[in-house]
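As a plain string of letters, each chain reads:
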Amino acid sequence: MVEKSTNDFEKINIFSADEFRDMGHQMVDMLADYLAQAQSDTAQETIPFISPAEQLAYWQADFDIQEPLLDTYRHVLDRSIKLHNPRYIGHQVAAVAPVTSIAGMMSDILNNGVGVYEMGLAANAIEKVLIDFMNQQIGYPAEAGGIFTSGGTLANLTALLTARKVKAPTNVWTEGSNEKLALMVSEAAHYCIDRAARIMGLGDQGIIKIPTDNQYRMRTDLLPEYLAKAKANGLTVFAIVGCSCTTSTGSFDDLSAIAEFASKENLWFHVDGAHGGGIAMSDKYKHYVAGIERSDSITIDYHKMMLTPSLVTSVLYRNALDSFKTFAQKAEYLWESSDSTEWYNSGKRTFECTKNMMCLKVYSILKAHGKNTFAKNNEHLFDSARLLARLINERTSFELLIKPQANIVNFRYIAKETDNLNDITDRIRTQLIEEGLFYIVSVVVDGQKYLRCSVMNPLTEEKHFVALLDHLERIGKAILS
Ligand SMILES: Cc1ncc(COP(=O)(O)O)c(C=O)c1O
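What counts as what
Residues numbered from 1 in each chain as written. Predicted model: local features only at pLDDT ≥ 70, side-chain atom pairs only at ≥ 80, totals over all residues. Heavy atoms only, no water. Helix = DSSP H or I, 4+ residues; strand = E, 2+ residues; numbered from the N terminus. Rg over C-alpha atoms; globule rule 2.2 N^0.38 Å. Buried < 20%, exposed > 50% of the residue type's maximum accessible area, 1.4 Å probe, protein only. Contact = heavy atoms within 4.5 Å. Lys, Arg positive; Asp, Glu negative; His and termini not counted. Charge placed at Lys NZ, Arg CZ, Asp CG, Glu CD. Domains from an automatic or database assignment. Buried area = accessible area lost by both parts, 1.4 Å probe. Salt bridge = Lys/Arg side-chain N within 4 Å of Asp/Glu carboxyl O. Arc of directions from axis to C-beta. Polar contact = N/O pair within 3.5 Å; in protein donor to acceptor, adjacent residues only side chain to side chain. Core = buried A, V, L, I, M, F, W, Y, C linked by side-chain atoms within 4.5 Å. Pairing = 2+ DSSP bridges. Axes fitted to C-alpha atoms, helices over the stretch in contact; angles between N-to-C directions. Near = heavy atom within 4 Å. Areas by Shrake-Rupley, 256 points an atom, 1.4 Å probe, with all protein chains shown as cover. Nonpolar A, V, L, I, M, F, W, Y, C, P; charged D, E, K, R; others polar. Phe/Tyr/Trp six-rings, centres within 6.5 Å; stacked < 30°, edge-to-face > 60°.

## Observations concerning the overall build of the protein
- Counting its regular elements, the protein contains 16 helices and eleven strands.
- Taking 23 Å as the expected radius of gyration for a compact globule of 481 residues, we find that the protein reaches 24 Å, a close match to that expectation.
- C-alpha extents for the protein along the principal axes are approximately 90 × 60 × 40 Å.
- Residue burial in the protein is summarised as follows: out of 481 residues, 51% are buried.
- Nonlocal contacts in the protein, meaning residues at least 24 apart in sequence, comprise 72% of its contacts between residues at least 6 apart.
- Of the side-chain charges in the protein, 47 are positive and 59 negative, and the distance between the mean point of each set is 5 Å.

Now the structure itself:
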């Protein structure tokens with residue numbers, strides 16, 4: 001007699017190809033409608049803001065509601081910020097090229113692990129093609145290499161671990177260290193550099209923050225003095241990080257000057273180009289990263305300026321062999337030798353063991369829209385920021401913090417002489433977000449609060465900037481009246 005199964009798992013039609021087909025078609029229709037609506041002139045809401053408590057209560061109740069999943073997705077859409085709306089001018093996250101979503105569907109279904117060749121047959125090769133392409137765009141030599149990894153934060157940590165392995169006098173990976181190691185970076189760098197240094201056990205003293213000039217770029221003239229001070233304090237500096245660009249103000253450090261210093265002092269030179277590294281591909285603006293080809297490693301996020309969904313990042317290495325030094329891990333179930341330097345077992349060089357087929361999204365954009373798409377997008381977004389800055393400057397009610405270098409513009413409403421500008425800036429932004437038409441963020445620079453726009457959506461045009469400034473003026477006037 002066949003025993004009756006008490007497990008009804010098999011009855012659930014999890015793997016139904018027909019259901020997937022049907023739902024997939026409906027989903028594509030829904031997302032295509034979203035795209036068309038978000039980009040249209042009639043689009044209204046960019047952010048449907050409600051309090052976190054209200055949001056949580058909604059989803060707690062929703063969890064027990066039986067309904068077609070497509071209805072649930074519609075609610076997710078209604079309750080999410082819309083990056084494709086040209087009035088989204090907020091954080092540095094891409095309005096993605098829709099083709100990446102198609103690629104995402106494929107990589108999710110295939111679920112190839114990519115860390116080893118057999119689990120990422122096509123993906124490991126595609127990664128190499130893209131890394132070679134990026135290195136050539138940057139101007140790295142033929143022996144360059146690199147990896148794909150999950151985000152700029154992890155990429156910077158990976159590169160700094162490589163730096164320590166290559167430049168520190170002791171092998172910390174195998175022996176640990178009592179040595180006081182340190183790295184140098186601008187005080188305006190993204191916090192993930194500080195975090196990486198602390199994860200690496202460098203402590204307070206191990207992250208030497210170099211002051212910035214009035215455009216928030218590293219004061220490279222101070223480097224010899226800061227290095228001498230570090231040495232006098234018993235520190236061994238092994239790396240210096242250049243920002244291309246900083247997060248708050250979009251400022252580009254002088255990479256040529258840093259390269260010169262790093263070469264003279266035998267330091268690893270890493271560029272945090274998570275946001276602005278891609279501008280190396282633009283003939284018009286590549287002067288901002290002059291000298292980038294002299295770095296030892298570069299972090300570049302595709303999910304910021306390269307139209308790609310998060311998280312997709314590369315660490316590029318001027319010498320591919322360095323990337324194999326970061327981690328030395330035995331994993332007999334994955335690869336036979338931890339010493340060999342084959343490009344196709346990418347997990348040897350990344351934090352990830354199982355890794356998403358993230359490269360497919362980047363590959364899809366370049367194949368579908370052309371190999372100059374990233375250059376054009378970066379350039380266009382930089383142009384747009386200059387346009388916004390000009391429009392701000394034309395109005396006496398606003399003050400620009402600095403002339404934008406990248407696509408990041410900081411400014412504030414100053415229509416009236418008042419000593420509580422920070423509070424007014426806060427109130428203006430809060431009201432803007434609650435109204436929901438536009439999304440911009442804020443930033444504190446030198447103790448002063450500014451409204452902050454990152455122009456991320458290539459569809460954001462002059463009419464949207466004008467409407468934003470009109471809107472801000474209206475809110476500002478009402479607050480001050
Ligand atoms: C300059 C810079 N570096 C690193 C990061 C961190 O990147 P991710 O968010 O991909 O971890 C950011 C994020 O905004 C950044 O602006």
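## Quick word on the domain arrangement of the protein
- The domain boundaries assigned to the protein delineate domain 1 (105–369) and domain 2 (373–480).
- Measuring from the centre of the C-alpha atoms in domain 1 to the corresponding centre in domain 2 gives 31 Å.
- With 30 residues of domain 1 in contact, the opposing surface of domain 2 contributes 25 residues.
- Carbon and sulfur atoms make up 62% of the area that domain 1 and domain 2 hide from each other, which totals about 2300 Å².
- On the domain 1 side of the contact with domain 2, Tyr216, Tyr285 and Met305 bury the most area, a combined 25% of that side's loss.
- Run the count over domain 1 and domain 2 and you get one salt bridge.

## Considering helix α9 (residues 223–232)
- All buried positions along α9 are accounted for by Leu223, Tyr226, Leu227 and Ala230. With its buried residues spanning 100° around the axis, α9 presents them on a single face.
- Next to the buried residues of α9 lie β2 (181–186), β3 (207–210), β4 (236–243) and α10 (255–265).
- Positive phi appears at Gly234, one or two residues downstream of α9, with a value of about 80°.

## Observations concerning the side chain of Asn135
- Its place among the elements puts Asn135 in helix α5 (residues 121–138).
- Engagement of the side chain of Asn135 in a polar contact is seen with the backbone oxygen of Gly145, the distance being 3.2 Å.
- Apart from residues no more than four positions distant in its own chain, Asn135 is found in contact with Tyr140, Ala144, Gly145 and Leu316.

## Some words on the nonpolar core
- Of all hydrophobic cores here, the largest spans 95 residues; its most connected members are Phe148, Met184, Ile208, Ile240, Phe411 and Leu472.
- Among the elements that make up this core, the one with the highest residue count is helix α14 (residues 373–393) (ten residues).
- If you count residues domain by domain, this core takes at least three from each of domain 1 (105–369) and domain 2 (373–480).
- Beyond its immediate sequence surroundings of up to four residues, Ile208 is in contact with Ala182, Leu183, Met184, Val185, Tyr226, Ala230, Leu235 and Val237.
- By size, the runner-up hydrophobic cluster in this structure holds 27 residues, among which are Ile147, Ala163, Ala168 and Ala197.

## Section: the pattern of salt bridges
- The tally for this structure, following the rule as stated, stands at 22 salt bridges.
- With a closest N to O distance of 3.1 Å, Glu473 and Arg395 form a salt bridge. Taken together, the residues Glu473 in helix α16 (residues 462–480) and Arg395 in the loop between α14 and β8 (398–400) connect sequence positions 78 residues apart.
- The buried category is assigned to Arg395, whose relative accessible area is 18%.
- If you follow the salt bridges from partner to partner, you end up with Asp194, Arg198, Asp204 and Lys209 in one network.

## Here's the deal with helix α3 (residues 69–78)
- Of all the residues in α3, the buried ones are Leu70, Thr72 and Leu77. In an axial view of α3, the angular spread of the buried residues amounts to 155°, which keeps them on one side of the axis.

## What about the sheet that holds strand β1 (residues 145–149)?
- The mixed open sheet is built from seven strands, whose spatial order is β1-β7-β6-β5-β4-β2-β3. The open sheet has two edge strands, β1 and β3, and neither has a second partner. On average, each strand axis in the sheet is inclined to that of its neighbour by 20°, with strand direction left out of account.
- With five bridges joining them, β2 and β4 adopt parallel strand pairing.

## Description of the site of the ligand
- In the neighbourhood of the ligand, 14 residues make up the surrounding shell, with Gly152, Thr153, Thr247, Asp272 and Asp301 lying closest.
- Within the backbone of Gly152, one N or O atom sits 2.7 Å away from an oxygen atom of the ligand.
- Contact distances for the ligand include 2.7 Å between a nitrogen atom and a side-chain N or O atom of Asp272.
- Out of a free accessible area of 390 Å², the ligand has 85% covered by protein chains.
- Counting only elements with at least two residues in the shell around the ligand, the list comes to α6 (152–167) and α11 (302–305).
- Broken down by element, the residue count for the shell around the ligand peaks at three residues, all from α6.
- The residue makeup of the shell around the ligand, split by class, is three nonpolar, eight polar and three charged.

## A look at the packing of aromatic side chains
- The full count for this structure, using the stated rule, is 16 aromatic pairs.
- For the ring pair Phe252 and Tyr288, a centre distance of 5.0 Å and an interplane angle of 25° mean the geometry is stacked. Taken together, the residues span a long stretch of sequence, with Phe252 in the loop between β4 and α10 and Tyr288 in the loop between β5 (268–272) and β6 (297–301) at a distance of 36 residues.
- On the accessibility criterion, Phe252 (3% relative accessible area) is buried.
- A ring pair is formed by Phe398 and Tyr413, whose centres lie 5.8 Å apart and whose planes are at 70°; its orientation type is edge-to-face. Taken together, the residues span a long stretch of sequence, with Phe398 in strand β8 and Tyr413 in strand β9 (residues 408–413) at a distance of 15 residues.

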